[in-house]
Amino acid sequence: MDVPLIHTVHMGKRYQLLSGDLHALTDVNVNVQEGEFIAVMGPSGSGKSTFMNLLGCLDVPSEGDYYLSGRVVKSMTLKERAHLRNALIGFVFQGYNLLPRLNCVENVALPLVYAGIPTRERREQAREKLVDVGLERYTEFLPPQLSGGQQQRVAIARALVNNASLLLADEPTGNLDSRTSDEIIAIFERLNRERRLTIVLVTHEPDVARHARRLIRFHDGCVVEDGPVSPSPPLRQALP
Amino acid sequence: MIYSELLRESWRAMRVNRMRTILTMLGMVIGVGAVIAMLAIGNGARQSVNAIISSMGSNMLIVISGARTSGGLRFATGSTPTLHLSDADAIRELPGVAAVAPGSPGTAQIVYGANNWSTMVLGTNPAYLRIRDWQLKSGAGFSGSDMRSAARVAILGQTVANNLFGSINPVGQTIRISNSPYQVIGLLTPKGQSFGGQDQDDIVLVPVTTAQRKLFGAQFADTVRYIMVQTDGPELLSPVQEEMDALLRQRHHITGSQDPDFDIRNLTELANAAASTTRIMSLLLGLIASISLVVGGIGIMNIMLVSVTERTREVGLRMAVGAEPADILGQFLTEAVLVSTLGCLAGLLLGMLCVAMVNQLFHMHGVITFASVLIAITVSVAVGTFFGLYPARKASLLQPIEALRHE
Ligand SMILES: Nc1ncnc2c1ncn2[C@@H]1O[C@H](COP(=O)(O)OP(=O)(O)OP(=O)(O)O)[C@@H](O)[C@H]1O
Ligand SMILES: [Mg+2]
């Protein structure tokens, strides 16, 4: 069997607060193979975002280990983690997180700046990704001139521009109406299907989760459910 | 991160907060402008002091006649002439003495045709021009027979010539000094202002013998007010001063404990003291100006801190998509250095403008040297780096998630 893209061993995250330790995440053991499409659900405060931040190497676990492509994230330097985020991971946030001063192409090209790619190539690749998400007519627009759905599509294009193998989306449709939300999910589905892009998506809406093929449910920082999304039959299963 | 990208990013950030950037820069503009102007003005002042010193004559001692105290009363030095021409002759024999010139000054009314002019008339000898390093523009100096016969001949300073003769060459003309006719035999080159701001060219020279016997007769029987002494070299100034003191004490019969009836001053020393005062002054001015540069730097730091706080989310996002701490550090540092450098360039212009204006208004010769421009640029890059470093470091040390969550 291949080295799993994501492999966590008793992964936990503890925050030290004045009132004592807070276990945001406890004993998470999850394996994710390349090409999976996973929905993460759970009540508010159950540790979903914490989980995503760990997967995205924005943070390191305080307990256990996290292997990304077989490499221990915890023992990497800040610089190595930055390179990993740059080359391997694409983020989509609930609040889009576009830089309002940069136009769409520049926003999408941002990860390529840190990859050291020259300006012209950056623009070319960024434009391609904007075409992918159906925004070819908005390349020179500034984010505030776009609708929420359009902004989220720009953010997706940005997550894709470095040809990441892992797309992490934390409530990407949280701010969108159901129609726009469907469009965004359709893009995710297509990317997963056509490019075997690994997607982990946090959502509160069962309607959105339905499009994934595997569901991980959190409660109080623990994984309480990990299995195929019902009712659609699982195509492939990668349970530990 | 590619360097041109850093510059472009910084430029963009500066343009977004245009007003803020300009105000921040203003601190640097004023600081650099002040430093440049002060250095130039200090330089100019030093140059004019040096010009005055060299116009005074070099390696000079001056003996001023008159008791410092007399019967318990203290008189102004020079108020009673006690030096004689024979003293001057005796001093000339001392080793290390290059030239000696007596001085008997007085004020007189000079008349030429319908013009008249009141000025200082100085009785002296041919060595005076040599000691003062003063050239004749036209005509000749006093001859030995002029001195011996107390001839009624005069050498005019430029100011006197201008006032009496206008554009006519005065040499060969006859003027009246205190109603006696004198022949003008020479015209001096202009020397400009002295330390006290006096016009050194407002003067008429006559032979000292003429001054004593014919011009100020009653007042200066055989005495002179002062004696100028030039030594062979600067290192001889103090030995000659000591020997002169001993010689004059002996000639004037002054025993060890008595106060002498003369006063020897080292003019070169005084001049050097004045020069070093000017140097210290210009240094102080430069220092005060540098303080405004530091204040400008603190302004940059302040704004950069605000900017880092404002852009925390942006920093988080950049880190999330792959920026290393070094990239973030570079971004904010570039911005700080860019602000300070642009401010510095504008400050250079402001400084040049100030210097040009001061030169115009006060007839100074402040020059902006290449070195001072180089210093200003180096210092402002250093200031930008120094004061930008802390905010930039602060930004680069942000935790990606904390930064992303920042509101
Ligand atoms: N930086 C932090 N410091 C302290 N506690 C934190 C921090 N970040 C998260 N937590 C705590 O960890 C727990 C899990 O938070 P997390 O953001 O992962 O929840 P979530 O499942 O994403 O919730 P939501 O659905 O509302 O986004 C919460 O109790 C939260 O208060
Ligand atoms: Mg969350």
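In the block above lies the structure referred to throughout.
What you see is a predicted model; the values in this text were computed from it and never measured. (Residues numbered from 1 in each chain as written. Chains lettered and ligands numbered in written order. Predicted model: local features only at pLDDT ≥ 70, side-chain atom pairs only at ≥ 80, totals over all residues. Heavy atoms only, no water.)

Remarks on the layout of surface pockets
A probe as big as a water molecule, rolled over the atoms, marks out the empty space that is left.
All names here are of chain B.
Here is step 1: Taken as a whole, the largest pocket spans an internal volume of roughly 860 Å³.
Here is step 2: Lining the largest pocket are 24 residues, with Met120, Arg132, Ser194, Gln198 and Tyr226 positioned closest to its centre.
Here is step 3: At the level of elements, helix 2 (18–56), strand 1 (60–65), strand 13 (226–231) and helix 9 (267–310) are the ones that each hand at least two residues to the lining of the largest pocket.
Here is step 4: Residues that form the lining of the largest pocket fall into these classes: 15 nonpolar, 4 polar and 5 charged. (1 Å grid on protein atoms, 1.4 Å probe; cavity = no way out; pocket = protein on both sides within 12 Å on 5 of 7 lines; lining within 4 Å. Points joined across faces, edges and corners; volume = space filled by probe spheres on them. Helix = DSSP H or I, 4+ residues; strand = E, 2+ residues; numbered from the N terminus. Nonpolar A, V, L, I, M, F, W, Y, C, P; charged D, E, K, R; others polar.)

Quick word on the pattern of salt bridges
Here is step 1: Taken as a whole, this structure holds 24 salt bridges over all chains when the rule is applied.
Here is step 2: The residue B:Glu5 makes a salt bridge to A:Arg122 at a minimum N-O spacing of 2.6 Å. Of this pair, B:Glu5 sits in helix 1 (residues 3–16) while A:Arg122 sits in helix 4 (residues 119–132), placing the two residues on different chains.
Here is step 3: For B:Glu5, a relative accessible area of 6% puts it in the buried group.
Here is step 4: By sharing partners, the salt bridges in this structure join A:Arg101, A:Glu106, B:Glu9, B:Arg12, B:Arg311, B:Glu314, B:Arg318 and B:Glu335 into a single network. (Salt bridge = Lys/Arg side-chain N within 4 Å of Asp/Glu carboxyl O. Buried < 20%, exposed > 50% of the residue type's maximum accessible area, 1.4 Å probe, protein only.)

Structural notes on empty space enclosed by the protein
All names here are of chain B.
Here is step 1: Enumeration according to the criterion identifies 3 cavities of 30 Å³ or more in this entry.
Here is step 2: The volume enclosed by the largest cavity comes to roughly 110 Å³.
Here is step 3: Looking at the largest cavity, the residues that line it are Ala13, Met14, Asn17, Arg20, Thr21, Thr24, Ile300, Ile303, Met304, Ser307, Glu335 and Val339.
Here is step 4: Contributions of two or more residues to the lining of the largest cavity are made by helix 1, helix 2, helix 9 and helix 11 (325–362).
Here is step 5: Sorting elements by how many residues they give to the lining of the largest cavity places helix 9 first, with 4 residues.
Here is step 6: Here the residues of the lining of the largest cavity sort into 6 nonpolar, 4 polar and 2 charged.

Re the site of ligand 1
Here is step 1: Residues in contact with ligand 1 amount to 16 residues; listed here are only the nearest, A:Ser44, A:Lys48, A:Ser49, A:Thr50 and B:Arg405.
Here is step 2: Near ligand 1, residues from chains A and B are present, making the site a shared one.
Here is step 3: The separation between an oxygen atom of ligand 1 and a polar main-chain atom of A:Ser46 is 3.2 Å.
Here is step 4: For ligand 1, an oxygen atom lies 3.4 Å from a polar atom in the side chain of A:Glu171.
Here is step 5: If ligand 1 stood free it would expose 640 Å²; the protein chains cover 71% of that surface. (Near = heavy atom within 4 Å. Polar contact = N/O pair within 3.5 Å; in protein donor to acceptor, adjacent residues only side chain to side chain. Areas by Shrake-Rupley, 256 points an atom, 1.4 Å probe, with all protein chains shown as cover.)

Here's the deal with a nonpolar patch on the surface
All names here are of chain B.
Here is step 1: The grouping of Met19, Leu23, Leu26, Ile30 and Leu350 at the surface amounts to a nonpolar patch, some 480 Å² of accessible area in total.
Here is step 2: The element contributing the most residues to the nonpolar patch is helix 2, with 4 residues.
Here is step 3: Position of Met19 among the secondary structure elements: in helix 2. (Patch = residues over 30% accessible without salt bridge, like charges linked within 9 Å, V, L, I, M, F, W, Y side chains within 5 Å.)

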